[in-house]
Amino acid sequence: MAKVGILMGSDSDLPVMQKAAQMLEKFGVEYEMTIISAHRMPDVFVDYATKAEERGIQVIIAGAGGAAHLPGMCAALFDLPVIGIPIHTKSVGGVDSLYSIVQMPSGIPVATVAIDGAANAGILAAKILSVSDMELRKKLKEYKVEMKDGVTAKAEKLDQLGYAEYIRQM
């Protein structure tokens, strides 16, 4: 049963949102992903958000650009954590989306990641779930070690090759 719902308002958001799915897959977290619009299909959206918990969803990750109402509306209807991903926009570079998501009224919180920060949204969802899942917590700790090892390897390579050669090999 899916534990995380990944929502986006348009298929144009899929290249960003797939990064959340990839992180959840890395940690073995089941998810469902769909395109849904709070504006263009409010009845379908309300049904999804109000019944998500019944279906086993414990966290919703919602990406939105522009007016970016999807994450906030999810938080208004879904009693469990919602993570908002502001999607980059052509007109304002995603700052409009960021402000729309992060400036929620008191009582309706949305955890918000960076513009196009879907990978971090996936990691954050896994961290939320790891509060009651020790195996998932272990995988998150292993991931931190992987990241450290990756940076250490790059630093060692830079030390060995020098700046100019390192840049040529990138």
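Going by the structure above, here's the rest.
What you see is a predicted model; the values in this text were computed from it and never measured.

Participant: Give a description of the packing of aromatic side chains that names residues and reports values.
Facilitator: Overall, the coordinates contain one aromatic pair when judged by the stated rule. Plain terms: the ring middles of Phe27 and Tyr143 are 5.4 Å apart, the flat faces sit at 90° to each other, and that makes the pair edge-to-face. Separated by 116 residues along the polypeptide, Phe27 in the loop between helix H1 (14-26) and strand S2 (31-35) and Tyr143 in helix H6 (residues 134-161) bring together distant segments of the chain. Across this residue pair, the class does not change: Phe27 and Tyr143 are buried. Directly above the aromatic system of Tyr48 lies the positively charged group of Arg55, at a separation of 4.6 Å from the ring centroid.

Participant: Any details on the packing of helix H2 (residues 42-51) against helix H3 (residues 70-77)? Residues and values, ideally.
Facilitator: One way to put it is that H2 packs onto H3 with a least axis distance of 9 Å and a crossing angle of 50°. By the angle between their axes, H2 is oblique relative to H3. By crossing handedness, the relation of H2 to H3 is classed as right-handed. Counting all contacts with H2, which are made through Phe45, Val46, Ala49 and Thr50, the residues of H3 involved are Leu70, Met73, Cys74 and Leu77.

Reading guide: rules and limits
Residues numbered from 1 in each chain as written. Predicted model: local features only at pLDDT ≥ 70, side-chain atom pairs only at ≥ 80, totals over all residues. Heavy atoms only, no water. Phe/Tyr/Trp six-rings, centres within 6.5 Å; stacked < 30°, edge-to-face > 60°. Helix = DSSP H or I, 4+ residues; strand = E, 2+ residues; numbered from the N terminus. Buried < 20%, exposed > 50% of the residue type's maximum accessible area, 1.4 Å probe, protein only. Lys NZ or Arg CZ within 6 Å of the ring centre and 35° of its normal. Axes fitted to C-alpha atoms, helices over the stretch in contact; angles between N-to-C directions. Parallel < 35°, antiparallel > 145°, perpendicular 65-115°, else oblique. Left-handed = near helix turned anticlockwise from the far one by under 90°. Contact = heavy atoms within 4.5 Å.

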